[in-house]
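# Understanding the architecture of this molecule
What follows is each chain in one-letter form.
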Amino acid sequence: MRSYEIAVVPGDGIGTEVMTEALRVLDRVSSEFGFGLKFRHFDWSCETYRKTGRMMPEDGIDRLRDHDSILLGAVGFPGVPDHISLWGLLIPIRREFDQYVSLRPVRLLPGLTPPLRDGASADVDFWVVRENTEGEYSQVGGRQGTGTDQEMVVQVATFTRRATDRILRYAFDFSRGLGRPNLTLATKSNGIYHSMPYWDERFAEISAEYPDVATSQEHIDILCAKFVLQPERFDVVVGSNLFGDILSDLGPGVTGTIGVAPSANINPERVHPSMFEPVHGSAPDIAGQGIANPIGQIWSAAMLLDHLGEEEAGAHVMRAIETVLGSAGAPLTPDLGGRAATGELGSAIVNAIGERGGR
Ligand code: NAD
Ligand code: IPM
Ligand code: MN
């Protein structure tokens, strides 16, 4: 029997709650489709930090290395400064494993209610391709003159040709593979003097290799407005680490909730494991209440299955999510307008997987 080893890092807050549901879904779908999943659990979190002074052990990255994939919940919780917790766990995984593509689908799933317009376009269906290893996310810089009126902070953003070109090429290839070759570059070359003109330049040069892919460039400010006003016009949007981060919360926000949004942190060369996690965080405001929407985590698990080559199983999980969301009386969590608990929505999806049968 085919079998895969998955590292499971639930993390903090609702990360642990939604992970429970994703693992139930994975158990069910793997037995329906006849392959094995072995989960190895790592309880690294802000709690670990409070006990040990570290988010993960010194050899944490090495402990993850030999897995086929990593499934992560969310990292960060009040009590530990966010830049400490995230730079102690999530960001090192992305970098050490050279997961340079953050792939984030945005889709108006059945049953979702877009908050801004009645009868808004049902055609919200696009992908954010985010550079995931450098750029604005940097520890380069510093502070001087602390406490004086000369106080100053410098934060350096670095954009290498290697990382810029590889994410752009990935986005062009991905657009081509989608069968909707329409790629938008998120830029800000009117105000950011060096880096964004550089992105424009690399985008223009690489686009010559892809004459079949229609391209456009939008400054990040108006792009945000167009996500809200005309989301149907986008198919694939590529951007820097920070722009991709912002757009991948805005997109799901436009569909009604970020609780459904998944992401894949991909090392396309498959030299290192890739990591799958919802777009949302640990949601301290609802943590412990059992009301978090588990779909972002479950959809992330479906992306993990696709990455393992179990695309039929991944597609089956997506059908189960859509069946449940589209059915009358579905047990919806509060972010979806319902009153159901995390486990009730998770159970409905697990049951929908069984009802349809596997192969
Ligand atoms: P958040 O995504 O945790 O929460 C934002 C809002 O969305 C909250 O009101 C929350 O209740 C709601 N929400 C999020 N996920 C939901 C779900 N599944 N179901 C229902 N509602 C949901 O963002 P934040 O408040 O900015 O961050 C909280 C913590 O999480 C911080 O420590 C932050 O750094 C961290 N964070 C981690 C990740 C990650 O691990 N990938 C991502 C984002 C934020
Ligand atoms: C995300 C998160 C992280 C990011 C934070 C928590 C560092 O917002 O995965 O979108 O900005 O990458
Ligand atoms: Mn984010």
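Here is a short report on the structure shown in this document. (Residues numbered from 1 in each chain as written. Chains lettered and ligands numbered in written order. Predicted model: local features only at pLDDT ≥ 70, side-chain atom pairs only at ≥ 80, totals over all residues. Heavy atoms only, no water.)

## Thoughts on the side chain of threonine 342
Applicable threshold: To qualify as a helix, a DSSP run of H or I must reach at least 4 residues; to qualify as a strand, a run of E must reach at least 2; elements of each kind are numbered from the N terminus. For every residue, the accessible area (1.4 Å probe, protein chains only) is compared with the maximum for its type, and the residue is labelled buried under 20%, exposed over 50%, or partly exposed between those bounds. Any two residues whose heavy atoms approach within 4.5 Å are treated as being in contact.
When you line up the elements, threonine 342 lands in helix α12 (residues 342-356). By relative accessible area, which is 3% here, threonine 342 ends up buried. Among residues more than four places away in sequence, those in contact with threonine 342 are Glu17, Val18, Glu21, Gly290, Ile291, Ala292, Pro294 and Thr333.

## A look at helix α6 (residues 161-178)
Operational definition: An expected span of 1.5 Å times one less than the residue number is assigned to each helix.
When the terminal C-alpha atoms of α6 are compared, their 25 Å separation across 18 residues agrees well with the 26 Å that a helix rising 1.5 Å per residue should span. Turning to α6, its buried residues are Ala163, Thr164, Asp165, Arg166, Ile167, Leu168, Tyr170, Ala171, Phe172, Phe174 and Ser175.

## Topic: the packing of α6 against helix α7 (residues 195-207)
How we decide: A fitted line through C-alpha atoms serves as each axis, taken over the contacting stretch for helices, and the angle formed by two N-to-C directions is quoted from 0 to 180°. Each angle is binned into one of four classes, with values under 35 degrees roughly parallel, values over 145 roughly antiparallel, values of 65 to 115 roughly perpendicular, and all other values oblique. Crossing handedness is defined as follows: a turn of the near helix away from the far one that is anticlockwise and smaller than a right angle gives a left-handed crossing, while the clockwise case is right-handed. Residue polarity follows a fixed list, in which Ala, Val, Leu, Ile, Met, Phe, Trp, Tyr, Cys and Pro are nonpolar, Asp, Glu, Lys and Arg are charged, and the others, Gly among them, are polar.
Running from N to C, α6 and α7 point in directions that differ by 50 degrees, and their axes come no closer than 10 Å. The orientation of α6 relative to α7 falls into the category oblique. Here α6 runs over α7; the crossing is right-handed. Between α6 and α7, the contacting residues are Arg161, Thr164, Asp165, Ile167, Leu168, Arg169 and Phe172 on the first element and Tyr198, Trp199, Arg202, Phe203, Glu205, Ile206 and Ser207 on the second. Residue composition of the contact of α6 with α7, grouped by class: 7 nonpolar, 2 polar and 5 charged.

## What about unusual backbone geometry?
Despite not being glycine, aspartate 98 has its phi angle at roughly 50 degrees, a positive value. You can see aspartate 98 is positioned in the loop between α5 (90-96) and β4 (101-107). Although it is not a glycine, alanine 283 adopts a positive phi angle of roughly 45 degrees. Locating alanine 283 in the fold gives a position in the loop between β12 (274-278) and α10 (295-308).

## Describing the pairing of strand β10 (residues 236-239)
Remark: a regular strand shows side chains that alternate across the two faces of the sheet. We apply this condition: Strand pairing is defined by DSSP finding a minimum of two bridges between the two strands.
Here β10 shows a buried face lined by Val236 and Val238 and a second buried face lined by Val237 and Gly239. Judged from the 4 bridges that link them, strand β5 (residues 125-131) and β10 form a sheet pairing that is parallel. Its bridge partner being in β10, tryptophan 127 is matched across the sheet by valine 236.

## Focus on the pairing of strand β8 (residues 182-187)
Keep this limit in mind: Call a crossover right-handed when, viewed with both strands pointing away from you, the route from the first strand across the helix to the second goes clockwise.
β8 sits mainly inside the fold: 6 of its 6 residues count as buried. The two faces of β8 match: Asn182, Thr184 and Ala186 on one face and Leu183, Leu185 and Thr187 on the other face are all buried. Bridge analysis of β8 against strand β9 (residues 214-219) gives 6 bridges, and the strand direction is parallel. Within β9, the residue paired with leucine 185 across the bridge is glutamine 217. Taking the sense of rotation as the criterion, the β-α-β connection linking β8, α7 and β9 turns out right-handed. Taken together, the 3 bridges between β8 and β10 define a ladder with parallel strand orientation. Across the sheet, the residue bridging to leucine 185 is valine 238, located in β10.

## Describing the site of ligand 1
Using the following cut-off: Being near a molecule or strand, for a residue, means having at least one of its heavy atoms within 4 Å of it. Two N or O atoms form a polar contact when they lie within 3.5 Å of each other; inside protein one atom must be a possible hydrogen donor and the other a possible acceptor, and for residues adjacent in sequence the pair counts only when both atoms belong to side chains. The Shrake-Rupley method, run with a 1.4 Å probe, gives the accessible areas here. Residue values count only the displayed protein chains as cover.
Around ligand 1, 22 residues are found, and the nearest of them are Val75, Asp82, Gly281, Ala283 and Asp285. Histidine 280 is positioned with one of its side-chain polar atoms (N or O) 3.3 Å from a nitrogen atom of ligand 1. Contact distances for ligand 1 include 2.7 Å between an oxygen atom and a backbone N or O atom of glycine 281. Contact with the protein chains removes 71% of the 800 Å² of surface that ligand 1 exposes when unbound. In terms of residue class, the shell around ligand 1 is made up of 12 nonpolar, 6 polar and 4 charged.

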